[in-house]
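# Structural features, examined
Single-letter residue listing:
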Amino acid sequence: MDFYLTLEKVSVLFSLIVIGYIVGKFNIVTKSGQKDLTGLVLKVTMPATIIIAMQQPFSSDKVHNILVLIGIFILSYAIMFVSGLALSKLLNKEPANRKDIIRAGVLLSNTSFMGYPIVLSLLGEESLFYAVICGGFVFEIISWTYGVYLIGRNAEGGQAGLKEALLNPGVISIFVGGILFLTGTSIPEPIFSTMKLLGGATSPLAMIVVGLILSRSKMGDAFKDKSIFAVAISKLVINPLLIIGVLRLLNFDGMNIVIPVVLLSMPTAAYLAMFSENSGNDDKFASGIVFVSSLLSLITIPLITALL
């Protein structure tokens, strides 16, 4: 794909983070307001985004492709799980709560805001459907179950139980969206348009939240933290190369390799920072991972897509 098109999409992400940073520095949004904004994204706009993305016409011809891609994504996440576990053991001086953030930071990718537009540019609208249905589905399930549990289990806010991991807005919205897709049910107007407008607010609000968190931390500390750079390199370089190697050995090609590699080579998702803040874990460390991985992705995304 065009290098400058990729660079443009990544630059939009940073523009939103910078806006959030400025807003936080001038205290236009207070610390209390920041927490409320995080709750708005996690409990209102993101669920709307998930349900709307799954409003696709059902076709039996697509079922086989969907099942194959879901299997590929599960395999890819297994590779990243092992990679994150190995990295957390290598960084043995880190406390338990930060090791949890490291493992989650390696696992969770910014699929929606950055991944989907790049898949659309590479392969077109039909591939975007599979990216949302397969990649988005697996990502949201892992994020809102294992991700929530992992980030919260050693946090000050207390361990997240199985009930909290399963009965949350993210998983419930996936379940609702899945039922609507399988039954071919369309959301009626004006509810559909309302949800679409809400969903459109998710990406900018999520990035602004990251900027707000960064505004209340020392960004210089993120660049000095070797653990943050280790997570970023693992997330952006090591994991994509491992996934490409394994999938090629298994003779996958076309969208079956491009879609998962592109989505999973994105920088760490803003979920990491928002989940950390929600659970009382080290949100400054988490936001540092999001920031540094997003910065380095300006270089790595064009290189990884070139390999495909």
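Refer to the preceding data block for the structure.
Below or above, wherever it landed, is the structure these notes cover.

### Here's the deal with the overall build of the protein
The secondary structure content of the protein amounts to 15 helices and 0 strands. Since a compact globule built from 308 residues should have a radius of gyration of about 19 Å, the 18 Å found for the protein is in line with a globular shape. Dimensions along the principal axes, computed over C-alpha positions, put the protein at roughly 50 × 45 × 40 Å. Counting across all 308 residues of the protein, residues that qualify as buried make up 53%.

### Focus: the packing of helix H14 (residues 271–279) against helix H15 (residues 283–307)
Put simply, H14 and H15 touch, their axes get as near as 8 Å, and they point 175 degrees apart. By the angle between their directions, the pair H14 and H15 is classed as roughly antiparallel. On H15, the residues that touch Leu-272, Ala-273, Ser-276 and Glu-277 of H14 are Asp-283, Ala-286, Ser-287, Ile-289 and Val-290. Its residues assigned to classes, the contact of H14 with H15 shows 5 nonpolar, 2 polar and 2 charged.

### Here we look at the packing of aromatic side chains
According to the stated counting rule, one finds 6 aromatic pairs in the structure shown. Look at Trp-144 and Phe-275: their rings are 5.2 Å apart centre to centre, the planes differ by 75 degrees, and that puts the pair in the edge-to-face class. Taken together, the residues span a long stretch of sequence, with Trp-144 in helix H6 (residues 125–152) and Phe-275 in helix H14 at a distance of 131 residues. Take Trp-144 and Phe-275: they sit in the same class, and that class is buried. When the centroid spacing of 5.7 Å and the interplanar angle of 85 degrees are considered together, the rings of Phe-223 and Phe-291 count as edge-to-face. In this pair, Phe-223 sits in helix H11 (residues 219–224) while Phe-291 sits in helix H15, placing the two residues 68 residues apart along the sequence. The exposure class of Phe-291 is buried, given its relative accessible area of 11%. Three or more aromatic residues joined by ring pairs make a cluster, and in this case those are Phe-139, Trp-144, Tyr-271 and Phe-275.

### Digging into the packing of helix H4 (residues 96–107) against H15
Packing of H4 against H15 brings their axes to within 10 Å, and their N-to-C directions diverge by 25 degrees. When the interaxial angle is binned, H4 and H15 end up roughly parallel. Note on packing geometry: the crossing formed by H4 with H15 is right-handed. The segment H4 lies against H15, with Arg-98, Ile-101 and Ile-102 engaging Phe-285, Ala-286 and Ile-289. Split by residue class, the contact of H4 with H15 holds 5 nonpolar, no polar and 1 charged.

### Quick word on the pattern of salt bridges
Pairs may arise between side chains of opposite charge once their charged atoms sit close together. For the coordinates displayed, the defined rule picks out 5 salt bridges. Put simply, Lys-31 and Asp-283 hold a salt bridge, and the shortest N to O gap is 4.0 Å. Here Lys-31 is found in helix H2 (residues 31–53), whereas its partner Asp-283 is found in helix H15, with 252 residues between them in sequence. Accessibility expressed as a relative area gives 45% for Lys-31, which makes it partly exposed. Relative accessible area serves as the criterion here: at 14%, Asp-283 is assigned to the buried category. One salt bridge connects Arg-98 with Asp-225, and the closest N-O pair in it is separated by 2.8 Å. Placement of Arg-98 in helix H4 and of Asp-225 in the loop between H11 and helix H12 (226–249) is noted, with a sequence separation of 127 residues between them. We note that Arg-98, like Asp-225, is buried. One network of salt bridges, in which partners are shared, links Glu-94, Arg-98, Asp-225 and Asp-282.

The rules behind each value
Residues numbered from 1 in each chain as written. Predicted model: local features only at pLDDT ≥ 70, side-chain atom pairs only at ≥ 80, totals over all residues. Heavy atoms only, no water. Helix = DSSP H or I, 4+ residues; strand = E, 2+ residues; numbered from the N terminus. Rg over C-alpha atoms; globule rule 2.2 N^0.38 Å. Buried < 20%, exposed > 50% of the residue type's maximum accessible area, 1.4 Å probe, protein only. Axes fitted to C-alpha atoms, helices over the stretch in contact; angles between N-to-C directions. Parallel < 35°, antiparallel > 145°, perpendicular 65-115°, else oblique. Contact = heavy atoms within 4.5 Å. Nonpolar A, V, L, I, M, F, W, Y, C, P; charged D, E, K, R; others polar. Phe/Tyr/Trp six-rings, centres within 6.5 Å; stacked < 30°, edge-to-face > 60°. Left-handed = near helix turned anticlockwise from the far one by under 90°. Salt bridge = Lys/Arg side-chain N within 4 Å of Asp/Glu carboxyl O.

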